[in-house]
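# Examining the three-dimensional arrangement
Here's the letter readout for the chains.
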Amino acid sequence: MKNTLWALLLTVFTTFVSAQEIGTGDFNLLPGVDYEIGGITVTGARDLDPNVVIMLTNLRVGDNVQFPDPAISDAIRTLWRQQLFEDITINVVSKQGNKVYLDIVLKELPKMSKYYIIGVKKSWKDELREDLGLRAGKVVNENLIVMSRNKVLSYFKEKGYLNAKVDISQQVDSAFNNAVILGLRIDVGERVKIEDIVFHGNEAVSDKVLRRAMKDTKIKGKAMFKVSKLRKKEYRDDLKNVVRKFNELGYRDARIIKDTNYTGQEGIIIEITVEEGRKYYFGDITFVGNTKYDTPLLRSILKIKAGDIYDSQHLNERVSFDPNGNDVASIYLNNGYLFSQVVPVEKNVHNDTIDVEIRIQEGRQATIRKVSISGNERTNDHVVYRELRTKPGDLFSKAMIQRTIRELAQLGYFDQTNIGVNPVPDPQTGTVDLEYTVMERSTSQLELQGGWGAGRVIGTLGLNFNNFSARNIGKKRAWQPLPTGDGQTINIRAQSNGLYFQSYNASFTEPWLGGRKPNSFTGTIYHNVQSNGVQASDPNRQSLYITGINFGLGQRLKWPDDYFTLYQGLEFRRFNLDNFPTGFLDYNKGVSNNVNYKFSLGRNNTDVPIFPTRGSQIKFTAELTPPFSAFNDIDYKNLSSEERFKLVEYHKWMFNADWFAPITKDFVIRTHGEFGFLGTYNKDLGLPPFERFYVGGDGLANYVIDGREIIGLRGYQNNSITPDGGGALYNKFVFEARYIIANNPSAQVFPLVFFEGGNNYDNFWEYRPFSLKRSAGAGLRIFMPMFGLMGVDVAYGFDPQPGGAQASGWNTHFIIGQQF
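Below, the structure is looked at part by part. (Residues numbered from 1 in each chain as written. Predicted model: local features only at pLDDT ≥ 70, side-chain atom pairs only at ≥ 80, totals over all residues. Heavy atoms only, no water.)

For the rest of this paragraph, the subject is the overall build of the protein. What the protein contains, in helices and strands, is 13 helices and 36 strands. Over its C-alpha trace the protein gives a radius of gyration of 39 Å, far above what one expects of a compact globule, namely 28 Å for 820 residues. By principal-axis analysis of the C-alpha atoms, the protein measures approximately 140 × 80 × 65 Å. By the burial criterion, 44% of the 820 residues in the protein qualify as buried. Put simply, 60% of the contacts in the protein that link residues at least 6 apart link residues at least 24 apart. (Helix = DSSP H or I, 4+ residues; strand = E, 2+ residues; numbered from the N terminus. Rg over C-alpha atoms; globule rule 2.2 N^0.38 Å. Buried < 20%, exposed > 50% of the residue type's maximum accessible area, 1.4 Å probe, protein only. Contact = heavy atoms within 4.5 Å.)

Moving on, we get to the packing of helix 4 (residues 122-132) against helix 5 (residues 142-158). Orientation of helix 4 relative to helix 5, taken along the N-to-C sense of each, is 135°, at an axis distance of 10 Å. Comparing their axes, helix 5 and helix 4 come out oblique. Crossing of helix 4 over helix 5 shows right-handed handedness. Side by side, helix 4 and helix 5 meet where Trp124, Glu127, Leu128, Asp131 and Leu132 of the first sit next to Ser148, Lys151, Val152, Tyr155 and Phe156 of the second. (Axes fitted to C-alpha atoms, helices over the stretch in contact; angles between N-to-C directions. Parallel < 35°, antiparallel > 145°, perpendicular 65-115°, else oblique. Left-handed = near helix turned anticlockwise from the far one by under 90°.)

Backbone hydrogen bonds hold the strands of a sheet together, and the pairing may be parallel or antiparallel. Taken together, three strands build an open sheet; the order of strands is 6-8-7 and the sheet is mixed. What marks the edges here is a single partner per strand, and that holds for strand 6 (111-118) and strand 7 (165-172). Recorded for the sheet is a direction-independent mean angle of 20° between the axes of neighbouring strands. Where strand 6 and strand 8 (residues 179-187) come together, seven bridges link them in parallel fashion. Bridge pairing in strand 8 links Tyr115 to Leu182. Across the sheet, helix 4 touches strand 6 and strand 8, and the angle it forms with strand 6 is around 150°. Sitting on the sheet, helix 5 touches strand 7 and strand 8, and the angle it makes with strand 7 is about 145°. (Pairing = 2+ DSSP bridges.)

Attention now moves to the nonpolar core. One finds Leu544, Phe575, Leu577, Leu678, Phe690, Val695 and Tyr730 to be the most contacted residues of the largest nonpolar core, which totals 24 residues. Among the elements of the structure, strand 23 (543-556), strand 24 (564-578) and strand 29 (693-695) are those that each provide at least two residues to this core. (Core = buried A, V, L, I, M, F, W, Y, C linked by side-chain atoms within 4.5 Å.)

Counting through the fold element by element, Arg318 comes out in helix 9 (residues 312-321). A polar contact is formed between the side chain of Arg318 and the backbone oxygen of Leu302, at a distance of 3.2 Å. Excluding its chain neighbours within four sequence positions, the residues that come into contact with Arg318 are Ile301, Leu302, Lys303, Ile304, Asn326, Asp327 and Val328. (Polar contact = N/O pair within 3.5 Å; in protein donor to acceptor, adjacent residues only side chain to side chain.)

The subject of this paragraph is the packing of aromatic side chains. Within this structure, the stated rule accounts for 22 aromatic pairs. When the ring of Phe521 is compared with that of Phe551, the centres are 6.2 Å apart and the planes differ by 20°; the resulting orientation is stacked. Within this pair, whereas Phe521 is found in strand 22 (residues 519-531), its partner Phe551 is found in strand 23, the two being separated by 30 residues in sequence. Among the residues examined, Phe551 registers a relative accessible area of 44% and is labelled partly exposed. Plain terms: the ring middles of Tyr796 and Phe798 are 5.3 Å apart, the flat faces sit at 65° to each other, and that makes the pair edge-to-face. Arg252 extends its terminal NZ or CZ atom over the ring of Tyr280, reaching a point 5.5 Å from the ring centre. Over the face of the ring belonging to Tyr694 we find Arg708, whose NZ or CZ atom lies 3.7 Å from the ring centre. (Phe/Tyr/Trp six-rings, centres within 6.5 Å; stacked < 30°, edge-to-face > 60°. Lys NZ or Arg CZ within 6 Å of the ring centre and 35° of its normal.)

Here it is in structure tokens:
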């Protein structure tokens, strides 16, 4: 019965198509009689080859056809499937005896000459144009309209606009034959956020814990640094995260039975039904195949024991995939066993306990045969090779490869996200070739800025040439635009606002003095002038000249570990005051000479320089002048300030520490603390008028030339947390949460929120370490290779500034060239 019905419907449809699209004219064609096709022509095909059209119909001259005939109906259907025509008819235009002559009459669909999008902002238009892929000349058929509409709706669905609408119109373009202009009118509506995420079937694990496991699918109002919207790909990944959370808590067999979403009163409601299953625990954990390292040592690395909650992901991490390299496999890989395999196997499951056997194939030790570098187009090979911790002939070491990648990132010459290594092992010879791949990035920086200070415009021109090559200065071909490739640094900076303030300095750094060891040499000269703005010949002129030179040597240490560095420097600085008000006693005319020795011991094991995700930076600095007063019998109490400070003497101690801890791959916590103390050898001489601590504000040292230390404290005005004449002791603490939103060679961008506090004191007896000026706020940092680090912070100071009665309130700070 069904077959008969389908046959009847097919006959009716065929007859309908034949009646509507086959024209027989008045040639009295008899049903059931065979007619020979004597010729076929095509009418209306402007842009198509008629022979191609005839080929598509599968009708040939000499074929026999009847009227009606399934072959002609099939030909019409085939042409319809091309989606190139809006009308198709096959006419019998002539009949000669038993021969018929056919004409295929076509009306082509219009082609798109151009299109426009209205109703959305420009950035969305640009992204939509990429997604749509529409080009002039495309045939405008139903498929094109439907696909374009679906792409637009899918684009806005990803952004959370689930009620978006798009109307696609066609307008005849008179400038072309058979062409139309498409218009996409879009109404995005209101963004639909996630109102609630509801779980069913979970008894042991709370909804709150499961919601937290969903990294990118968040309820509105509860998403820090996340937009509450339902995106298909991220949602599917988050369903896996939910299962993974169950697995972490021992529910090895947990699974999601079903999930759905629907529109609630204020947004989307997501419902997820789970099946928890039984909670499992680790049973016996045994090692098989280990001969190089005994079982107690491997157990101490594994850090999993019988009775612990069973978590297969944690097990795999402790066996082979710990991001810090503290796993069982790494002890082999760090000692040459490149061909080793460490595989955990569930050996036995009984009740709620799972026994695990860790099977080890140690293999032979592999040595490094060849090491190569690719991608360093500007940086010379020797600059890269001297940073490598893996040399030919060494045993293969995963830890040394990771350390090499870290050292290459710390150079700052390469994009830190595109430094990699390609090991090519050869099991037959027991060797491995290592190819490090890098991508050069711009390292030199131009600082060109204007600012407002002391009631005047301040202009700054700074040039920072990193990766400079001094030995190629005489080679014309190397100037593109400057000789580069040897890792040296030249800094030149000039700042002025006319007669009131001028500052000039230049420095040169060679990171590998002599080329054999990582011992750096730095030389700096500078000259600064500050005055009341009158000409030098004017008797009312007040001025302060500071001229200085320093030389320093730095070296990398191997003890306590090779993350330590030591810097030692000598500096001579001359202060020349001519009726210049220092704000310190009666000292406003005279010459002061500062000869100091600087000692700096630091340790830095952060992973990358711009946005560190783990590790720490610690630095201890001492700056000491000779105790000149200890070698004479001068009564400093009765000397004038001009005589007392001819030779400046002091000892200055500073300590800075940063710690970075990852919460997720992109979310990092930074904690920071610092301390400074300025002391004197002779209480009768007292502290000098220079070298003091000035706390408060953005921490930038613009328009400051008297040797002071500028300490930032956001939420307060510049230098506002400072005793008269400068402080002798300060401390500061910072807690900062950072989230990177762009991490690519052209720019790195991360917002942050922070809490910080600090204070400044005139002497040690007034020091109260926890009596802090507190603040909180948020900011943004942008690092671009050409301009360095830039940013802005908005902070609220909770406490009054010295001499004030009310909270400092809101303050905005601009950051240039420093890592807050």
